[in-house]
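Fold and contact review
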Amino acid sequence: MPYLFGGLVVLNAITLGYYLFLKQPSTTQTLQAAQAEITQPLAFTNSAEYIPPAIGSKD
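Every value quoted in this text rests on a predicted model; they were computed, and no experiment measured them.

The helix and strand inventory of the chain stands at two helices and zero strands. For 59 residues, the compact-globule estimate of 2.2 N^0.38 gives 10 Å, and the chain exceeds it by more than 25% at 26 Å. Taken along its principal axes, the extent of the C-alpha atoms in the chain is 70 × 40 × 15 Å. Going through the 59 residues of the chain one by one, you find that 0% of them count as buried. Carbon and sulfur atoms make up 65% of the accessible area of the chain, which totals about 6,300 Å².

This is the structure:
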């Protein structure tokens, strides 16, 4: 029984290593469609200048 468990652990480690390091990810159709829809970047507004000063500060 310990040999079976050890063999399964080794097999699991080999499978995990294959999928993490060797197999390259493929782009799916949904990812390609989402990337095609992104045509303009999001507008960024810096709202830090509108934050009131901390209580007790002399600013």
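Additional details are given in the paragraphs that follow.
Another aspect to go through is the packing of aromatic side chains. Inspection of the entire model under this criterion finds one aromatic pair. On the numbers, 5.1 Å between centres and 75° between planes, the contact of Y18 with Y19 is edge-to-face. With a relative accessible area of 40%, Y18 lands in the partly exposed category.

A surface patch of nonpolar side chains, amounting to about 740 Å² of accessible area, comprises L16, Y18, Y19, L20, F21 and L22. Relative to the helices and strands, L16 resides in helix α1 (residues 2-22).

Another point: α1. For an α-helix the count is 3.6 residues per turn, leaving residues at separations of three or four pointing the same way. For α1, with 21 residues, the first-to-last C-alpha span of 29 Å sits near the 30 Å given by 1.5 Å per residue. By the criterion of burial, α1 is predominantly exposed, with just zero of the 21 residues buried.

All right, on to the environment of T15 then. Here T15 is to be found in helix α1. Reaching out from T15, the side chain makes a polar contact with the backbone oxygen of L11 at a distance of 2.8 Å.

The rules we used
- Residues numbered from 1 in each chain as written.
- Predicted model: local features only at pLDDT ≥ 70, side-chain atom pairs only at ≥ 80, totals over all residues.
- Heavy atoms only, no water.
- Helix = DSSP H or I, 4+ residues; strand = E, 2+ residues; numbered from the N terminus.
- Rg over C-alpha atoms; globule rule 2.2 N^0.38 Å.
- Buried < 20%, exposed > 50% of the residue type's maximum accessible area, 1.4 Å probe, protein only.
- Areas by Shrake-Rupley, 256 points an atom, 1.4 Å probe, with all protein chains shown as cover.
- Phe/Tyr/Trp six-rings, centres within 6.5 Å; stacked < 30°, edge-to-face > 60°.
- Patch = residues over 30% accessible without salt bridge, like charges linked within 9 Å, V, L, I, M, F, W, Y side chains within 5 Å.
- Salt bridge = Lys/Arg side-chain N within 4 Å of Asp/Glu carboxyl O.
- Expected span 1.5 Å × (residues − 1).
- Polar contact = N/O pair within 3.5 Å; in protein donor to acceptor, adjacent residues only side chain to side chain.

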